[in-house]
Amino acid sequence: MHTITPAVAADAAAIHDIQMRAFAEEGRLSENLQIPPLTEDVAAIELHIRTQTVLTARDGERIIGSARGIVEGAVCTIRGVSVEPSYQGQGIGALLLRAIEQAHPGVERFVLTTNTLVPGNVSFYERRGYQVTELASYTDRIVLAHMVKAVSAQRT
């Protein structure tokens, strides 16, 4: 049974390790290891744990994934959705995404950016109500999909 719990500062290193493994394939496909998830350090994750919403997915006591919600005004930016590679495909990313959304009932919309080079990234979020609002070149090879999910209409 997988549980979702808020992260504590002591979880930052484990979250970082999983993020590095989870985004390694994206770096390989992008032919660029300088993408933000692979250049972020443990201190940045610790800061998010102290100041924003960081949730972990656990298998028993072991952290197997994480996601972040960074709120500015009425918008929550989803960042760092990452799952230990050996646990991918089991619905853990969807559980984390839903938990971040539920943790922010006061926002009007959720936004995120995902790399279109990774098979299934865009469709994963589309199945959960997100829509592509813009495609933007990050490098000659990387095209990012900016996605949004409006929630105000669901509350009426």
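Preceding this section is the structure that the text describes.
Here is a short report on the structure shown in this document. Not measured: the values here are computed from a predicted model.

## Let's talk about the overall build of the protein
Thinking step 1. If you tally the helices and strands in the protein, you get six helices and seven strands.
Thinking step 2. Seen in sequence order, the protein has helices and strands lined up from the N terminus as β-α-α-α-α-β-β-β-α-β-α-β-β.
Thinking step 3. Here the C-alpha radius of gyration of the protein, 15 Å, is about what a compact globule of 156 residues would show, namely 15 Å.
Thinking step 4. Reported as C-alpha extents along the three principal axes, the dimensions of the protein are approximately 40 × 40 × 30 Å.
Thinking step 5. Split into buried and exposed, the 156 residues of the protein put 46% on the buried side.
Thinking step 6. Put simply, of all contacts in the protein between residues at least 6 apart along the chain, 61% involve residues at least 24 apart.
Thinking step 7. Here the protein has roughly 8100 Å² of accessible surface; of this, 52% comes from carbon and sulfur atoms.

## Side note on the pattern of salt bridges
Thinking step 1. Overall, the coordinates contain seven salt bridges when judged by the stated rule.
Thinking step 2. For Arg-58, the salt bridge identified is with Asp-11, shortest N-O distance 2.8 Å. Remark: Asp-11 occurs in the loop between β1 (2–6) and α1 (12–22) and Arg-58 occurs in strand β2 (residues 53–59); sequence separation between them is 47 residues. Pair check on accessibility: Arg-58 and Asp-11 agree, each one buried.
Thinking step 3. For Glu-31, the salt bridge is made with Arg-141, and the minimal N-O distance between the two is 4.0 Å. With Glu-31 in the loop between α2 (24–30) and α3 (36–39) and Arg-141 in the loop between β6 (131–137) and β7 (143–150), the pair connects residues that are 110 residues apart, well separated along the chain.
Thinking step 4. For Arg-141, a relative accessible area of 40% puts it in the partly exposed group.

## Some points on helix α5 (residues 92–102)
Since the α-helix packs 3.6 residues into each turn, any two residues three or four apart lie on the same face.
Thinking step 1. Counting buried positions along α5 yields eight of eleven residues, so the element is predominantly enclosed.
Thinking step 2. Along α5, the residues that are buried comprise Ile-92, Gly-93, Ala-94, Leu-96, Leu-97, Ala-99, Ile-100 and Glu-101.

## Regarding the pairing of strand β3 (residues 62–72)
Strand residues, when the strand is regular, have side chains that alternate between the two faces of the sheet.
Thinking step 1. Judged by how many residues are buried, β3 sits mostly within the fold: eight of eleven residues are covered.
Thinking step 2. As defined by bridge partners, β2 adjoins β3 across seven bridges and the pair is classed as antiparallel. Directly across from Ala-57, in β3, lies its bridge partner Gly-65.
Thinking step 3. Where β2 folds back on β3, the antiparallel hairpin that results is connected by two residues, among which Gly-60 adopts a positive phi of roughly 70 degrees.

## Some details on the packing of aromatic side chains
Thinking step 1. Applying the stated criterion across every chain yields a total of two aromatic pairs.
Thinking step 2. A ring pair is formed by Phe-124 and Tyr-125, whose centres lie 4.9 Å apart and whose planes are at 85 degrees; its orientation type is edge-to-face.
Thinking step 3. Residue Phe-124 is classed as buried on the basis of its relative accessible area of 18%.
Thinking step 4. The class of Tyr-125 is buried, set by a relative accessible area of 10%.
Thinking step 5. With a centroid separation of 5.9 Å and 75 degrees between ring planes, the pair formed by Tyr-125 and Tyr-130 is classed as edge-to-face. There is no split in this pair, since Tyr-125 and Tyr-130 are both buried.

## So, the nonpolar core
Thinking step 1. In this structure, Ile-78, Ile-92, Leu-96, Phe-110, Tyr-125, Tyr-130 and Met-147 are the most contacted members of the largest nonpolar core, which totals 25 residues.
Thinking step 2. Ranked by residues supplied to this core, first place goes to α5 with six residues.
Thinking step 3. The residues contacting Ile-78, other than those within four sequence positions of it, are Arg-68, Leu-97, Ile-100, Phe-110, Val-111, Leu-112 and Tyr-130.

Definitions and cut-offs
Residues numbered from 1 in each chain as written. Predicted model: local features only at pLDDT ≥ 70, side-chain atom pairs only at ≥ 80, totals over all residues. Heavy atoms only, no water. Helix = DSSP H or I, 4+ residues; strand = E, 2+ residues; numbered from the N terminus. Rg over C-alpha atoms; globule rule 2.2 N^0.38 Å. Buried < 20%, exposed > 50% of the residue type's maximum accessible area, 1.4 Å probe, protein only. Contact = heavy atoms within 4.5 Å. Areas by Shrake-Rupley, 256 points an atom, 1.4 Å probe, with all protein chains shown as cover. Salt bridge = Lys/Arg side-chain N within 4 Å of Asp/Glu carboxyl O. Pairing = 2+ DSSP bridges. Phe/Tyr/Trp six-rings, centres within 6.5 Å; stacked < 30°, edge-to-face > 60°. Core = buried A, V, L, I, M, F, W, Y, C linked by side-chain atoms within 4.5 Å.

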